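Structural features, examined
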Amino acid sequence: MSKGKEGSSATVSQGRGDREAACMQAARRMMLPGAASAAAWQGWQELAERISAGQIPAIPLRAVRPHGATVRACLEPSRGVVIKFWTRIGWGGMIRRWTRTGPAMREWRALQKLNRLGLDVPRPLAYCRLGPRARHTEALVLEDLGECRLGLVYVKDLLGTRREEDLETFERHVIDTTAAMVLSGVLDPDHRMTNFVVTA
C-alpha cells in the first residue's frame, strides 16, 4: 500500500488487521451453541459483507457460478463456515428479495426444513441481504462439513474399484434422501448427483 506520510501505512494496516481479527472473533462466537439469534445474524452479516467486499480472505470451493460464488471462511484451524453468494441486480433481483422468492431464500428455507427433519444437510446459520459495500446482493452462511468429495466422483471411484457394497449403501442413502425431500414437499429442480457430497 502506498502512503502519504511516513508511518501511515503501518497504522492503516494495523487498523484493518484489528478490525479483521475482531470480525473473525465475533464470527467464532456465533459458532457457539445458544448464541443470541440477533447477535449471531449481525456477526454473520458482517463476515459475509467483508468477504464479498474482499476485505477478508476466503477459499473458493467451486468454479464461479454465473450469479455468485461459494467460499470457505476459516474462523480457526479446525472450524469454519461455507458462504454461498448470489448477485441479483436490477428490478428483477430487487423484487425477488422483497418478495423473498429468490434462489438464496428458497435454499435457506429448504435447508431449514431438511435440517429439522434430520437429513444429512449442512446446518443453515444465516440468510443475509448484503449492503452496498459488498460485490454480491445475498448470502447464505452454512455449516462447514469439512473436506468433501462430489457424489458423482465418489460413484465413479466405487465403480472403478468394484466396491459394490459401498456403492449400494450410497445409492440407498441417495434414494432415501430424495424420497424424504419429496414427501416433505421440498422439490429441488437442481437435485442431482453433483449436489451430493461425501465427507471424509
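Here goes a summary of the coordinates provided. Within every chain, residues take consecutive numbers counted from 1 along the sequence as written. For this predicted model, a pLDDT threshold of at least 70 governs which residues receive local features, and a threshold of 80 or more governs which side-chain atom pairs are given and counted, while totals over whole chains, interfaces and linings are taken from all residues. In computing side-chain properties, one takes all heavy atoms of the structure into account and sets aside hydrogens as well as water.

Okay, unusual backbone geometry next. Residue Arg162 is not a glycine yet carries a positive backbone phi of 55°. With respect to the helices and strands, Arg162 occurs in the loop between helix H5 (151-161) and helix H6 (164-183). Arg162 sits in the exposed class, given a relative accessible area of 70%. Strands are runs of DSSP state E lasting at least two residues, helices are runs of H or I lasting at least four, and both sets are numbered from the N terminus onward. For each residue, the accessible area found with a 1.4 Å probe, counting protein chains only, is set against the maximum for its type, and the residue is called buried under 20%, exposed over 50%, and partly exposed in between.

By size, the foremost hydrophobic cluster in this structure holds 19 residues, and its most contacted members are Trp44, Leu47, Ile51, Val81, Ile83, Phe85 and Val141. Among the elements that line this core, the one with the most residues is helix H2 (residues 37-52), at five residues. By definition, residues are in contact when any of their heavy atoms lie within 4.5 Å. Setting aside its immediate chain neighbours within four residues, Val141 contacts Trp44, Val81, Val82, Ile83, Arg123, Pro124, Leu125, Ala126 and Cys128. Nine residue types can take part in a nonpolar core, namely buried Ala, Val, Leu, Ile, Met, Phe, Trp, Tyr and Cys, and a core is a set of them joined through side-chain atoms within 4.5 Å. Met105, Leu114, Leu142 and Val186 belong to the second-largest nonpolar core, a separate cluster that totals 13 residues.

This next bit is on H5. Residues Gly151, Tyr154, Val155 and Leu158 constitute the buried set of H5. The buried side chains of H5 occupy one side of the element, clustering within an arc of 100° when seen end-on. Across H5 from its buried face, at more than 90 degrees, point the exposed residues Lys156 and Gly160. Residue Arg162 follows H5 closely and has a positive phi angle near 55°. By definition, the arc is the one covered by directions from the helix axis to the C-beta atoms.

For the rest of this paragraph, the subject is a negative patch on the surface. A contiguous patch of negative charge, built from Glu164, Glu165, Glu168 and Glu171, is present on the exposed surface. Mapped onto the elements of the fold, Glu164 is located in helix H6. Surface patches are defined over residues having more than 30% relative accessible area and no salt bridge, joining like charges when they lie within 9 Å and nonpolar side chains (Val, Leu, Ile, Met, Phe, Trp, Tyr) when within 5 Å. Where accessible areas are quoted, they stem from the Shrake-Rupley method and a 1.4 Å probe; at the residue level, only the protein chains shown are allowed to cover. One side-chain nitrogen of Lys or Arg within 4 Å of one carboxyl oxygen of Asp or Glu is enough to make a salt bridge. Counting rule for charge: Lys and Arg are taken as positive, Asp and Glu as negative, and neither His nor the chain ends is counted. Every charge is mapped to an atom, namely NZ of Lys, CZ of Arg, CG of Asp or CD of Glu.

With that settled, the discussion passes to the pattern of salt bridges. If you walk through the whole model with that rule in mind, you get eight salt bridges. Taking the shortest distance from any N to any O, the salt bridge between Glu46 and Arg133 comes out at 2.7 Å. Here Glu46 is found in helix H2, whereas its partner Arg133 is found in the loop between strand E4 (124-129) and strand E5 (138-143), with 87 residues between them in sequence. On the accessibility criterion, Glu46 (29% relative accessible area) is partly exposed. The exposure class of Arg133 is partly exposed, given its relative accessible area of 36%. One salt bridge connects Asp166 with Arg163, and the closest N-O pair in it is separated by 3.1 Å. Its relative accessible area of 33% is what places Asp166 among the partly exposed residues. One network of salt bridges, in which partners are shared, links Glu46, Glu49 and Arg133.

So yeah, pure geometry; function would need other evidence.
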